[in-house]
Amino acid sequence: MPRNLDTAELAGWRAYIEASQLLLTRLEEELRRSSNLTLGDYHVLVLLSEAPGQRLRMGELAERLIFSPSRLTYQISTMERRDLVRRQPCPADRRGSEAVLTPTGLSTLRAAAPHHLEAVRALFVDDLDADALACLTRVFTRLGNRLRSAPESAGEPRS
């Protein structure tokens, strides 16, 4: 039988959900307004820009983005039409493919980054002192690590 959340747990959960949705919505709006990119576009461009050779296997990219393979295929297809990325066969394994950052994608990222980071600072970082930022980092790093290693179903009992 599921346990109900107590008042403090429910308040924390709702505060997290509502604030995170507001934050992501505002960041998305700012990014679209300033650079015509979505948060998904931006995240793909950042990951590819940081990868060796500015390329990643599609499976690794999907895993890092926390996208299903079909969602990543759609994301990359829309970005290919705008010449931000291209798909190429993997040199080591011709059965797989890689997403590769294009020069247009890199210049788009470089143009978008200052505006996006300004929005992140204004909408998130500036409201946090060093202790709050350190606490958030600890909490969400721990939660992310647990979720990455946990079974997919939230209803499965933990031993």
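A brief structural summary. In this numbering scheme, every chain counts its residues from 1 along its sequence in written order. Where totals are concerned, whole chains, interfaces and linings use all residues; where local detail is concerned, this predicted model gives features only for residues with pLDDT of at least 70, and gives and counts side-chain atom pairs only at 80 or more. Hydrogens and water are ignored here; the side-chain numbers use all heavy atoms of the structure.

The next point concerns the overall build of the protein. Here a helix means four or more residues in a row that DSSP labels H or I, a strand means two or more in a row labelled E, and each is numbered from the N terminus. Along the protein, the regular secondary structure elements total six helices and three strands. Its helices and strands in sequence order give the protein the pattern α-α-β-α-α-β-β-α-α, from N to C terminus. Sorting the 159 residues of the protein into buried and exposed places 28% on the buried side. The contact criterion used throughout is that any non-hydrogen atoms of two residues lie within 4.5 Å. Residue pairs at least 24 apart in sequence account for 48% of intrachain contacts in the protein once pairs closer than 6 positions are excluded. Carbon and sulfur atoms form 55% of the exposed surface of the protein, whose accessible area is close to 11300 Å². Charge assignment in this entry is limited to Lys and Arg as positive and Asp and Glu as negative, and neither His nor the chain termini are counted. Lysine's charge is taken at NZ, arginine's at CZ, aspartate's at CG and glutamate's at CD. Within the protein, one finds 22 positive and 21 negative side-chain charges whose respective centroids are separated by 6 Å. For each residue, the accessible area found with a 1.4 Å probe, counting protein chains only, is set against the maximum for its type, and the residue is called buried under 20%, exposed over 50%, and partly exposed in between. All accessible-area figures derive from a Shrake-Rupley calculation using a 1.4 Å probe, and residue coverage is judged against the displayed protein chains alone.

Counting along an α-helix, one turn takes 3.6 residues, and residues three or four places apart therefore face a common direction. With 13 residues, helix α4 (residues 69-81) should cover 18 Å at 1.5 Å per step; its first-to-last C-alpha distance of 18 Å lies within 8% of that length. Among the residues of α4, L72, Q75, I76, S77, T78 and M79 are the ones counted as buried. Expected helix span is computed as 1.5 Å times (number of residues minus one).

Turning to unusual backbone geometry, a few remarks are in order. In this structure, N36 takes a positive phi of about 60° despite not being glycine. Mapping N36 onto the fold places it in the loop between α1 (7-35) and α2 (39-50).

Let us look at the pattern of salt bridges. The working definition used for a salt bridge is a side-chain nitrogen of Lys or Arg within 4 Å of a carboxyl oxygen of Asp or Glu. Within the structure shown, the criterion is met by seven salt bridges. Across the salt bridge formed by R33 and E30, the nearest N and O atoms sit 2.6 Å from each other. Taken together, the residues R33 and E30, both in helix α1 and three residues apart, mark about one turn of the helix. The partner of D126 in a salt bridge is R121, with the nearest N and O atoms 3.4 Å apart.

Okay, the pairing of strand β3 (residues 97-101) next. In summary, the side chains of a regular strand alternate between the two faces of the sheet. Within β3, four of the five residues are buried, leaving the element largely enclosed by the surrounding structure. Where strand β1 (residues 55-57) lies against β3, three bridges are found, and the strand directions are antiparallel. Its bridge partner being in β3, L56 is matched across the sheet by A99. Here strand β2 (residues 85-89) pairs with β3 via five bridges, running antiparallel. The partner of R86 across the bridge, within β3, is V100. Two strands qualify as a pair provided that DSSP identifies no fewer than 2 bridges between them.

Let us look at the nonpolar core. Counting 26 residues, the largest nonpolar core has Y42, V44, L45, L48, L61, L72 and I76 as its most contacted members. Within the residue set of this core, elements represented by two or more residues are α2, α3 (58-65), α4, β3 and α5 (103-123). Among the elements that line this core, the one with the most residues is α2, at six residues. For L45, the residues in contact, after removing those within four places along its chain, are L37, M79, L84, V85, L101, G105 and L109. What makes a nonpolar core is a set of buried Ala, Val, Leu, Ile, Met, Phe, Trp, Tyr and Cys residues whose side-chain atoms join them at distances within 4.5 Å.

Residue placement: Q75 occurs in helix α4. Definition of a polar contact: a pair of N or O atoms within 3.5 Å, with one able to donate and the other able to accept a hydrogen when the atoms are protein atoms, and with sequence-neighbouring residues admitted only if both atoms are side-chain atoms. A distance of 2.6 Å separates a polar atom in the side chain of Q75 from a polar atom in the side chain of D41. Beyond its immediate stretch of four places on either side in the chain, Q75 contacts T38, G40, D41, V44 and F67.

Moving on, we come to the packing of aromatic side chains. Each aromatic pair joins two rings of Phe, Tyr and Trp (for Trp, the six-membered one) with centres within 6.5 Å, and gets the label stacked for planes under 30 degrees apart, edge-to-face for over 60, and tilted for any other angle. Going through the model one piece at a time under the given rule, you end up with two aromatic pairs. Pairing W13 with Y16 gives two aromatic rings, centres 5.8 Å apart and planes at 35°, and the pair type is tilted. Taken together, the positions of W13 and Y16, both in helix α1 and three residues apart, correspond to about one turn of that helix. Residue classification places W13 among the partly exposed residues on the basis of a relative accessible area of 46%. Three or more aromatic residues link up through ring pairs in this structure, and these residues are W13, Y16 and F140.

Any link to function would need more than the numbers given here.
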